[in-house]
Amino acid sequence: MHGENMIRLVPVHKVYRYVEVLYEILQERTNLPDVNISHGELPCFAEHRKFVMSEPYRCWYFGLLKDKTIVGTIYLTIANVIGINVIAEHRGKGYGKEMLGRLLAEHDPLPAVSGMRSGRFVANINPNNAVSIKLFTGAGARL
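If you're wondering where the values come from, they're calculated on a predicted model, not measured in any experiment. Each chain carries its own residue numbering, running from 1 in the direction its sequence is written. For a predicted model such as this one, the threshold for reporting local features is a pLDDT of at least 70, and the threshold for listing and counting side-chain atom pairs is 80 or more; totals across whole chains, interfaces and linings nevertheless cover every residue. Side-chain numbers here rest on the full set of heavy atoms in the structure, without hydrogens or water.

Asker: Even after reading the chapter, I still don't get the packing of aromatic side chains, so can you show me in this structure?
Answerer: What characterises a pair of aromatic rings is the spacing of the ring centres plus the angle enclosed by the ring planes. Classification of ring pairs rests on two measures: the distance between centres of Phe, Tyr or Trp rings, Trp counted by its six-membered ring, which must be within 6.5 Å, and the angle between planes, read as stacked under 30 degrees, edge-to-face over 60 and tilted in between. For the structure shown, the criterion picks out five aromatic pairs. For the pair Tyr57 and Tyr75, a centre-to-centre distance of 3.9 Å together with 10° between the ring planes defines the contact as stacked. Here the residue Tyr57 occupies a position in the loop between α2 (45-53) and β2 (59-64), and Tyr75 occupies one in strand β3 (residues 70-76), the gap between them amounting to 18 residues. Secondary structure is summarised from DSSP: a helix means a run of H or I of at least four residues, a strand means a run of E of at least two, and numbering begins at the N terminus for each.

Following this line, the structure appears as structure tokens:
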């Protein structure tokens, strides 16, 4: 049942209550010190809302199954950094690989700008996150 063509990437702002849904996902990530690299502690909801509303990423998607179940998020920054998170109950089903493949198929890296970005995609991964390292190296990334 799981596998290719199961996931749609939907811009986060097209999902009802997306700020709240993103906060729920962030709460889960904050409890995973070997996985999370972007937060030392959970921001309050007002700080989170301000961040989300600032449209911080070049693109930001929810990964949705055909029944509209959200399985995770993936984003791409103007610095060509890819960030991905699969919700705990949906891990190990190939959804991260599929979301990453869709993102790479739909977007090209922005051209290099000295001091701002390389002209290729990069991922900022916690070195203790073996699953994420495997996901990205399996997609051709180099450490």
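Back to the write-up after that little detour.
Asker: Help me out: how do you make sense of the pairing of β3 in this one?
Answerer: Every other side chain in a regular strand lies on the same face of the sheet, so the side chains alternate between the two faces. Within β3, six of the seven residues are buried, which leaves the element mostly enclosed by the surrounding structure. The pairing of β2 with β3 spans six bridges and is antiparallel. Across the sheet, residue Tyr61 finds its bridge partner in β3, namely Ile74. The loop that links β2 with its antiparallel partner β3 comprises five residues; one of these, Lys68, has a positive phi angle of about 75°. Pairing between strands is defined by DSSP: at least two bridges between them are needed. Strand direction decides the pairing type here: β3 and strand β4 (residues 81-86), joined by five bridges, are antiparallel. Of the residues in β4, the one forming a bridge with Ile74 is Ile84. Between the end of β3 and the start of β4, which pair antiparallel, lie four residues, with Asn80 showing a positive phi angle near 70°. Exposure is judged per residue with a 1.4 Å probe applied to protein chains only, and the accessible area is read against the type maximum: over 50% gives exposed, under 20% gives buried, and values in between give partly exposed.

Asker: How should I be thinking about the side chain of Thr77 in this particular structure?
Answerer: Tracing the backbone through its elements, the reader meets Thr77 in the loop between β3 and β4. On the basis of relative accessibility, which here comes to 13%, the residue Thr77 falls in the buried class. Leaving out residues up to four positions away in the same chain, Thr77 has contacts with Tyr57 and Arg58. We call two residues contacting when some pair of their heavy atoms lies within 4.5 Å.

Asker: So what exactly am I meant to see when it comes to the pattern of salt bridges here?
Answerer: By definition here, a salt bridge exists when the distance from a side-chain nitrogen of Lys or Arg to a carboxyl oxygen of Asp or Glu is within 4 Å. Taken as a whole and assessed by the stated rule, the structure comprises two salt bridges. Residue Glu28 pairs with Arg91 through a salt bridge whose shortest N-O separation is 3.4 Å. In this pair, Glu28 is assigned in helix α1 (residues 18-30) and Arg91 in the loop between β4 and α3 (95-106), connecting sequence segments 63 residues apart. By relative accessible area, which is 23% here, Glu28 ends up partly exposed. Relative accessible area serves as the criterion here: at 34%, Arg91 is assigned to the partly exposed category. Between Glu98 and Arg102 there is a salt bridge, with its nearest N and O atoms 3.0 Å apart. Residue Glu98 and its partner Arg102 are located together in helix α3, separated by four residues, close to a single helical turn.

Asker: Which parts of the structure should I look at to understand the environment of Cys59?
Answerer: By the element assignment, Cys59 lies in strand β2. We classify Cys59 as buried; its relative accessible area is 9%. Expressed as a C-alpha distance, the spacing of Cys59 and Val12, which sit 47 residues apart in the sequence, is 8.8 Å. Excluding anything up to four places from it in sequence, Cys59 contacts Ile74, Tyr75, Leu76, Leu103 and His107.

Asker: Can you help me understand the sheet that holds β2 in this one?
Answerer: Sheet strands line up and pair through hydrogen bonds in the backbone, either parallel or antiparallel. Read across the sheet, five strands follow the order β1-β2-β3-β4-β5 without closing on themselves; strand pairing throughout is mixed. At either end of the open sheet lies a strand with only one pairing partner, and these are β1 (8-11) and β5 (122-123). Across the sheet, α3 is in contact with β1, β2, β3 and β4; its angle to β4 comes to roughly 150°. To get an axis, fit a line to the C-alpha atoms, keeping to the stretch in contact for a helix; angles then go from 0 to 180 degrees between the N-to-C directions.

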